[in-house]
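Take a look at the letters that make up each chain.
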Amino acid sequence: MDKREKIIGQRQAFLYPTKVAYYREPLHLVKASGSYVWDDQGKKYLDVIGGIVSISVGHNHPRIKAKMRSMLESDAIQHTTFLYLSEYMADLAQKLSEVAPEDLNKCYITNSGSEANEMAVMTARVATGEQMMISLRHGYHGGTNVPLSLCGHGTWKFAAQPQAAVTHAQAPYCYRCPFGKKRESCALECASEVKNVIETTTSGKIAGMICEPILGVGGFIEAPLEYHKQVYDIVKSFGGLYISDEVQTGVGRTGKNFFAITDSGVTPDIITMAKGIGNGAPVGAVVTKEKYANALKGKLHFNTFGGDPYQAMQAAEVIDIIRDEKLIENAHHMGQYLVDGFKQLQKDFPIIGDIRGRGLLLGLELVKDPVSKEPATAQTVEVMENAKAQNILIGKGGLYGNVIRLAPVLSINKKECDELLHGMRKAFENLK
Ligand code: PMP
């Protein structure tokens, strides 16, 4: 029995059945560098999904490797909690408050995005003294209790999942506008909807709203930039806190600012992050204003591994690398280049119904017919398989699994973008 078969057998025998692998022949990735990963047969792939939008500065970045090596060689402490002093957690908190918008200078460091969102929602609830949270249909905020109650996807929700004190607004999904409008002529009905949801489904008092600037799991649904400003004003007018979930959109991925919500000119009350901030290390974080963090004063809250030395060092280094290598600018230019390339592709393959996203967070929504917009779910699976045959690893998402998700490393270069565009052309050509 080869290693792959052994792993597949172990997964079937010992792991929860909720853990489903990509591809008919699941891949066993064993090595990675920069934009590329290798499988156990030595086959090299251009990695355009980076875990799931987790690799930001590139796999095994030399600066991070050097720091890890030096920590290992000097027997640096691997685990210590915040009950002791640690330069790594303290440095990371300072750097996060420096890259966060003004006034957001209090951090809570976690191991994941779910935990960060748990903490953010608790902060909003404690600070306002209210319970009710607004989230979006098609939104996703993690797999633990509160984030699953906020979730806007039937596929991810369980019957055991209580949904207390959460209400969901329609998503700003322009390609499938829930109000039947066209972006060019709409009045941002999706933003006014938030006011209506608060007025009709809550007591009129709320703890806040959580919103992804671009809905990741939902299939990179990109709200119009003005949407967030209007919604922010509505949420504030009802006394709530605005939480920007930047687990996928953060760390410069949208090619303009360190956090995507800044692209909309909004300074939220709380930002959460994970994935890219650790570049593969398990790190999540919350940043908020001092007054909201202070609302939790007097109680204890513990997170055993949050901010551990190796993880915190990696996240702090990610922040420096993004600045030093000008990766936000690169994400903007390469993102533009890819969008232009995909627009060309769309001319030849009408199955590409919509191209959306910003910077290096790009989605292609596949439809059976551009007029009916019937989701091309099975074909999306085929495109993924075909791309793999071209040595390109892409992701997918969306309620109907019909959105190809592309989130290459922020340091991707033009040659690699050409490789991606060429491979995707072949993947669409080879659709039966
Ligand atoms: N928020 C968003 C926007 C996410 O995409 C995810 C993960 N897909 C999470 C939160 C949860 O992060 P984690 O899986 O690290 O708990």
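What you see is a predicted model; the values in this text were computed from it and never measured.

For the protein chain, the domain assignment lists domain 1 (3-57 + 326-429) and domain 2 (67-324). The distance between the C-alpha centroids of domain 1 and domain 2 comes to 24 Å. Interface of domain 1 and domain 2: buried area, both sides summed, is about 3100 Å²; carbon and sulfur atoms make up 55% of it. Three residues, Ile 328, Arg 358 and Leu 361, lead the burial of domain 1 against domain 2; their summed loss comes to 25% of the area buried on that side. Our count for the domain 1 to domain 2 interface comes out at three salt bridges. When the shortest N-O distance is used, the salt bridge between Arg 358 and Glu 222 registers 3.1 Å. Remark: the boundary between domain 1 and domain 2 carries 23 residue pairs in polar contact (both at pLDDT 80 or more).

Attention now moves to the nonpolar core. With 102 residues, the main nonpolar core has Tyr 227, Phe 342, Leu 364, Ile 394, Met 424 and Phe 428 as its most contacted residues. Counting contributing residues, this core receives three or more from each of domain 1 (3-57 + 326-429) and domain 2 (67-324). Discounting residues that sit within four places of it in the chain, Tyr 227 has contacts with Leu 136, Gln 170, Pro 172, Leu 188, Cys 190, Ala 191, Val 194, Met 209 and Cys 211.

The next thing to look at is the site of the ligand. Not every one of the 13 residues close to the ligand is listed here, only the nearest: Gly 113, Ser 114, Glu 212, Asp 245 and Gln 248. Here an oxygen atom of the ligand sits 2.7 Å away from a polar atom, N or O, in the side chain of Gln 248. One of the side-chain nitrogen or oxygen atoms of Lys 275 is found 3.2 Å away from a nitrogen atom of the ligand. When the ligand sits alone it has 400 Å² of accessible area, and the protein chains cover 82% of it. Classifying every residue of the shell around the ligand gives three nonpolar, seven polar and three charged.

Now for the side chain of Thr 123. Within the secondary structure, Thr 123 sits in helix H5 (residues 113-128). Thr 123 sits in the buried class, given a relative accessible area of 4%.

Turning next to the sheet that holds strand E15 (residues 392-393). Pairing within the open sheet is mixed, and its four strands lie in the order E1-E2-E3-E15. Each edge of the open sheet carries a strand with a single partner, namely strand E1 (29-33) and E15. Here four bridges tie E1 to strand E2 (residues 36-39), and the two strands are oriented antiparallel to one another. Paired with Leu 29 across the two strands is Asp 39, which belongs to E2.

Conventions and cut-offs
- Residues numbered from 1 in each chain as written.
- Predicted model: local features only at pLDDT ≥ 70, side-chain atom pairs only at ≥ 80, totals over all residues.
- Heavy atoms only, no water.
- Domains from an automatic or database assignment.
- Buried area = accessible area lost by both parts, 1.4 Å probe.
- Salt bridge = Lys/Arg side-chain N within 4 Å of Asp/Glu carboxyl O.
- Polar contact = N/O pair within 3.5 Å; in protein donor to acceptor, adjacent residues only side chain to side chain.
- Core = buried A, V, L, I, M, F, W, Y, C linked by side-chain atoms within 4.5 Å.
- Buried < 20%, exposed > 50% of the residue type's maximum accessible area, 1.4 Å probe, protein only.
- Contact = heavy atoms within 4.5 Å.
- Near = heavy atom within 4 Å.
- Areas by Shrake-Rupley, 256 points an atom, 1.4 Å probe, with all protein chains shown as cover.
- Nonpolar A, V, L, I, M, F, W, Y, C, P; charged D, E, K, R; others polar.
- Helix = DSSP H or I, 4+ residues; strand = E, 2+ residues; numbered from the N terminus.
- Pairing = 2+ DSSP bridges.

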